[in-house]
Every structure is written in structure tokens, then in C-alpha cells.
Amino acid sequence: MRRWQGDQIFFGGDYNPEQWPEETWAEDVDLMRRAGVNLVSVGIFSWALLEPAPGRYEFGWLDRVLDLLHAGGIGVDLATATASPPPWLARAHPETLPRRADGTVLWPGGRQAYCPSSPVFRDRSLALVEAIAGRYAEHPAVVMWHVSNELGCHNVHCYCDVSAEAFRTWLRDRYGDLDRLNAAWGTAFWTQRYGDWAEINPPRTAPTFANPTQQLDFLRFSSDEQRAQLRAEREVLRRLVRQPVTTNFMIGTGIKYLDYHSWAGDVDLVANDHYLTAADPRAHVNLALSADHTRGVAGGEPWLLMEHSTSAVNWQPRNVAKTPGQLRRNSLAHVARGADGVLFFQWRASRAGAEKFHSALVPHAGPDTKVFREVCQLGADLGALAEVRGSRVDADVAILFDYEAWWGVELDSHPSVDVTYSDRLAALHDALWRAGITADVVHPSTDLGRYRLVLAPTLYLVRDADADALRRFVEGGGTALVTYFSGVVDENDHIRLGGYPGAFRELLGVRTEEFFPLRAGERVRLDDGATADVWTEWLHPEGAEVLASYADGPLPGVAAVTRHAVGEGAAWYLGTRLDEAATDALVARLVAESGVRPAVPAAPGVEVVRRRDDERSWLFVINHTGDPARLSVSGVDLLTGARCDGELTVPAGEVAVIREDPAAAAA
Ligand code: GLA
């Protein structure tokens, strides 16, 4: 790992000077300095300009941009520029174009129109990386390298013949011989047995449900192919440059098909892009989930927010602008949750192209705007928070997250389409957020020893070793909650026999003999007054204590919530989809039993997160409500310089970052 933090929190965004006449560049640098910008990502979509014809490079404009930025004291996160190939590549090599499952070709004219397994794309892109890295390795402006851009955002699944061949190679590596593949894929079913590797294809559009393990392996393969591009570019960079290397992940924005937990070791720092879903009134809670997950991918280390937006985006049905103060709350919430840098897409709002209505640091209306004033305010805020960088976020709770479980649970022909992966994940994270409890979202293979409470929402697919680790965590005194449709299959998507929830049956002390999913809109009542929908199951306690049972619905009298004392700890099971109030009540019981406490108690809607290093601690207080928030805290607000002694008031919509007096830090 190469060190990436400097003496400031990074602040800036994507800078696309190639979209503007050169006269604009000097003004850009002036405005950047005014705003306190110290890092910009340059060249992300400039392949066609840097290499206008195969092998003919034109770097003059980029030389001038980097020199200008350096003269202005602005650092550069330099792109490898491979994010999207130039039109000449598809013309010379139409076989590099990606294809959908039904054979449709995806043509150039948008972006990322390349087959991720294409050897031609790989060669040409690496030649470009080699040329750029060779030229700018020693440029004093360059502080970081940015591989590609959001790898796999639009082209993660390609079903073309080149991809089919690469898929076969990947399968040979995984299984060695066809007998093992046939066993893993369960090809005795529907006469799918393969007698020759050449018979195997990606799961192209078929008359009916494709083999689920074939689908799962294709998803694994597709994530690995994108990762292979990252690794190939990184290898070139490692050889030629000394600065840290990263790429922007898309954690927590509904992007499902890139297994970032497996990619984290390929970058020197984890960087993430996050955009609010405008239609979601609780988008700031989803932001927290994304940040908590990014930190989990980063192994608890600080990470970089590579992109978010100053205001509206352009790609949602209704692109709602941010209200005054929202940009600041959003940005500082990321810092609270471990970001040591806050960057945006993009510096100056484009005049042309598909993203011309996307907000930027400098809007179309220019710097005399709410957005640019808030940008300058944020630059000053981040400057005042410099001492926080490098510190870690306090979290005693882990939520287990596995992309493969997500892929598995949402494959077709399952008991209910209403069982989705992110549903209970978000519900439990929300309940913790409301309780003021910070959680790390981590892969099930993470060492759980440092947590008191572990939640496993919808962990449908789980490996033996990971199920075992959860058992050891509970035996050692931890509290765990597993929710319905977990532990059902192994890594081949084969059912674990003997009753559900398979891998967790013994730990939970329950055995389910049959699932009873509910009809759309159907609700059941529990005997403790809670209501639930979507899912019920015929569950037998086998050692577990019953905490609540169904009062009606298809299974009156059957257990819905259970607790099993195991070793020094306890394993709780939730067999149905509780309403929000009941979820809050359940989480409150788990929190109480495990001894987890909020950083500092606060009113609903007031977000409080603590970061700490070996000597100091900082309390981030973000008031999302319309009323002033009062908390008992002592220390100095880094944003205002004001002291508080025992009582802190944060006005409606405002943020405070308190360096706590040492007594509190010892908590
Ligand atoms: C992504 C991309 C950017 C831009 C933004 C728009 O994050 O990386 O290039 O398209 O979305 O929101």
C-alpha cells in the first residue's frame, strides 16, 4: 500500500478542461484556489483526444493543463484515460463491441462500449496507460492515479463470442475438469450435462430459466473480468509511477455486479462514488449506508469520496436540486464516516453532452450562485478539519454483506420476488441509524472479534467457513441476528439439506420445514402486537426460545422471532419481515443485550458519529431536522472555533465537529 493522505483533507472533483477553450483554464484555477480545491481528477474521458489515431499521441494540451494546475498549487489525480475507447477502435475492431444476452450489439456514441474480455481493448488501453504513465510519472502536480472510471458501470456483462471463450477459460481455472463443473452446476437437471468445454456459453437469452449456478458463475466471472482490467492497468502503473493508485468504486448506489470486497486489495486507497436518490426522502440515511459499506470495504481505513454532486444529477427521472445546507451536510456526513477527501463530479458544468444538466462546483450561472458559495464554505470547512484525517470511525456493530449472496438471492424462480437483498440490509441499517448506532458493513469473512453485535440480513448464500465464524463470534459472547432466507444454499447455489436456514440452523436452534411467502399486500399479526408482510415460514424451535409467534395468517401459533443462547452469547432469528416500528424495537433489544451504545444520545434525525485516533476523538453532529439539536458534549467545534462545556446546540440543518475533551475521548 502506498501512502495517500497528505496534510489536508482532499477537496475538488473531476476536471474536464478538454470541454472548454484554453482561455477558461486560468479562470478555473483562480476559482479553484478561491474555493480551497486541492485535488482534481483530470483526463478521465480524454482517450480520443490523447490518441486521436492509433499510436499517435497528442499530449500538448494535457502538459499545459497539468503545468497550470501545479502553478496554482492544485494536486492532480491523473486518469489513465481508458474509461471509454475512442470511436476509431470500434471501427477498426468491431469485435471489441459488447453484446447483450439477446445478441444486441452496444454501439459507440455513449460511453464504455467495449467488451471487458477483449484482448484488443486490453492491448490498446495498456499501451495508452504506458504512454501516459511514462510521460507524467514525475510531474510534480500528480499525487494519485485514477484507473479507468467506474469500471463495469455500463458494460459489466458481455455475452459475445470473445466473452464466451474467456468464460470457458475462467471455468477451467475454477473447476479443472468437466465432471466438477457438471456437479457444481447440477447439470443432471433438465439434461444440461456438458461433454465438451466448447458446449458452454454465457447464460444467453434462453427459452426459460437458465441454470442458476451458470448464472452465478457468469456474474463472478464478469466481476473478475472488470477487476482484471484494474489489475492490468495497476501493474503498468506500479512499474512506472510512485504515487498511489486507485479507481472509483460504486458502493451503495444499487450497483450490484462488482464484488468490491474482492477488489479492495488491488488499490492503494478505496475511493467511492455516491449519488443521492432524489425520490428518496431518507436519502441521507442511504448515504450513511454507502459510507459505512465503503469503510467496510476499506477494512476500516479512511477512504476517499471520489464523486458526489453539489446539487442535482441528470440521470434520474426527476433531478431534484439540493436545498441550502444539504451539500454541506452530505459532504461532512461522508467525512464523519471515514472519508478523508470530498470530491465531486464535476468542476465546471458542461455546455454540451448528455450530462449538461448535471450540477457542478461551478454552475452554468457562474460563481455568483448558492452552489459556488456553498462550495467555498465547504472548502473552508474541510480546511478546518485537517486534523481529523487518518483517524478511524468507532463502530461496535457489523452488518454482514456479500455481493455473492446478493446475486444469489435475486436469481429467478425463487419463493418470492419480494425477497430482495437490499431490503432488510437497509431496514436494519436504518433502525441502527435512528438509534444513533454506527455500524461497519463488512464481508462475512471479516474478523468479527472487535464487534459486540453482528447482523446478517438475507445472507442466502454463505460459505461453511463464514457460517462457522459467526458461530464462534456468538460462542465467544457476541450477539447475532440472522434474518429470513439466510443460510439456504452453499457457494454453488445448492440447497443445504435437512431444513432451513441450513448453515445457521444449529447456531439459531431452529429448523424450518417449509416457506410460506405471503401474497402481495398481505399482512400478518404477531402475538406481541407487531405486524409483518412478505414472508413467513413453518419454523420449529430446536433449543431456541420463542420471542414472538404469528397471531394470524397462514401459520397461527408458529414462532416468528427466536433467541438461542449459545456459549457466552446469543443468536436471534427473524423469520418474517417486520414493520418499521417492530424492527426498531427488535434492534433496540439487540442493542441493549449486546451493550452497544450511541456515540452520544441525540434527538431523532440528528446524526452523531465519532472518529478517533490514539490520542483524540472527534464528534460529528449533523442535524437533519428543522429544530435545534441539544447534546451533552464538551470540547471545541473545529468549524466555528467555539467551545462547548457540557452542552452543545447545533442549529437546524447545521453541522458541528467537536474535538472532544480528553475525558470523553476515553469513553
Ligand atoms: C458517474 C461517472 C461520472 C458522471 C457521473 C454523473 O459517477 O463516474 O463520469 O457520469 O456519474 O453523476
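Everything that follows concerns the structure shown earlier in this document.
Rules behind the numbers
- Residues numbered from 1 in each chain as written.
- Predicted model: local features only at pLDDT ≥ 70, side-chain atom pairs only at ≥ 80, totals over all residues.
- Heavy atoms only, no water.
- Near = heavy atom within 4 Å.
- Polar contact = N/O pair within 3.5 Å; in protein donor to acceptor, adjacent residues only side chain to side chain.
- Nonpolar A, V, L, I, M, F, W, Y, C, P; charged D, E, K, R; others polar.
- Salt bridge = Lys/Arg side-chain N within 4 Å of Asp/Glu carboxyl O.
- Helix = DSSP H or I, 4+ residues; strand = E, 2+ residues; numbered from the N terminus.
- Buried < 20%, exposed > 50% of the residue type's maximum accessible area, 1.4 Å probe, protein only.
- Axes fitted to C-alpha atoms, helices over the stretch in contact; angles between N-to-C directions.
- Parallel < 35°, antiparallel > 145°, perpendicular 65-115°, else oblique.
- Left-handed = near helix turned anticlockwise from the far one by under 90°.
- Contact = heavy atoms within 4.5 Å.
- Phe/Tyr/Trp six-rings, centres within 6.5 Å; stacked < 30°, edge-to-face > 60°.

J.: Mind showing me how you'd approach the site of the ligand here?
T.: Close to the ligand lie Phe 45, Arg 111, Asn 149, Glu 150, Asp 273, Tyr 275, Glu 307, Trp 315, Phe 345, Glu 355 and His 358, which account for all nearby residues. Arg 111 places a side-chain nitrogen or oxygen 3.0 Å from an oxygen atom of the ligand. A distance of 3.5 Å is found between an oxygen atom of the ligand and a side-chain nitrogen or oxygen belonging to Tyr 275. Looking at the shell around the ligand residue by residue, the classes come out as 4 nonpolar, 2 polar and 5 charged.

J.: Quick question: what am I supposed to make of the pattern of salt bridges here?
T.: Working definition: two side chains of opposite charge can pair if their charged atoms are close together. Counted by the stated rule, this structure contains 53 salt bridges. Ionic pairing is found between Glu 404 and Arg 220, a salt bridge with its closest N-O pair at 2.9 Å. In this pair, Glu 404 sits in helix H13 (residues 403-409) while Arg 220 sits in helix H8 (residues 212-240), placing the two residues 184 residues apart along the sequence. Arg 463 is paired through a salt bridge with Glu 404; the nearest N and O atoms lie 3.2 Å apart. Here Arg 463 is found in the loop between strand E13 (453-456) and helix H15 (464-475), whereas its partner Glu 404 is found in helix H13, with 59 residues between them in sequence. Using a relative accessible area of 26% as the deciding quantity, one classes Arg 463 as partly exposed. Judged by its relative accessible area of 9%, Glu 404 falls in the buried class. Sharing partners across several salt bridges, the network here consists of Asp 292, Arg 295, Arg 337, Asp 440, Arg 450 and Glu 607.

J.: Explain the packing of helix H11 (residues 326-336) against helix H12 (residues 370-384) here, please?
T.: Where H11 meets H12, the closest approach of the two axes is 9 Å, and the angle between their N-to-C directions is 30°. Compared by their axis directions, H11 and H12 come out roughly parallel. Crossing handedness for the pair H11 and H12: right-handed. From H11, Gln 326, Leu 327, Arg 328, Ser 331, Leu 332 and Val 335 reach across to H12, where they touch Val 371, Glu 374, Val 375, Gln 377, Leu 378, Asp 381 and Leu 382. In the contact of H11 with H12, the residues fall into 7 nonpolar, 3 polar and 3 charged.

J.: I'm lost on the packing of aromatic side chains in this one. Help?
T.: Geometry of an aromatic ring pair is reported as the spacing of the ring centres plus the angle between the planes. With the rule as written, the count across this model stands at 33 aromatic pairs. Judged by centre distance (6.4 Å) and plane angle (25°), the ring pair of Phe 167 and Trp 170 falls under stacked. Of this pair, Phe 167 and Trp 170 both sit in helix H6 (residues 161-175), 3 residues apart, roughly one helical turn. Considered together, Phe 167 and Trp 170 belong to a single accessibility category, that of buried residues. With centroids separated by 6.3 Å and ring planes inclined at 75°, the aromatic side chains of Trp 170 and Phe 221 adopt a geometry described as edge-to-face.

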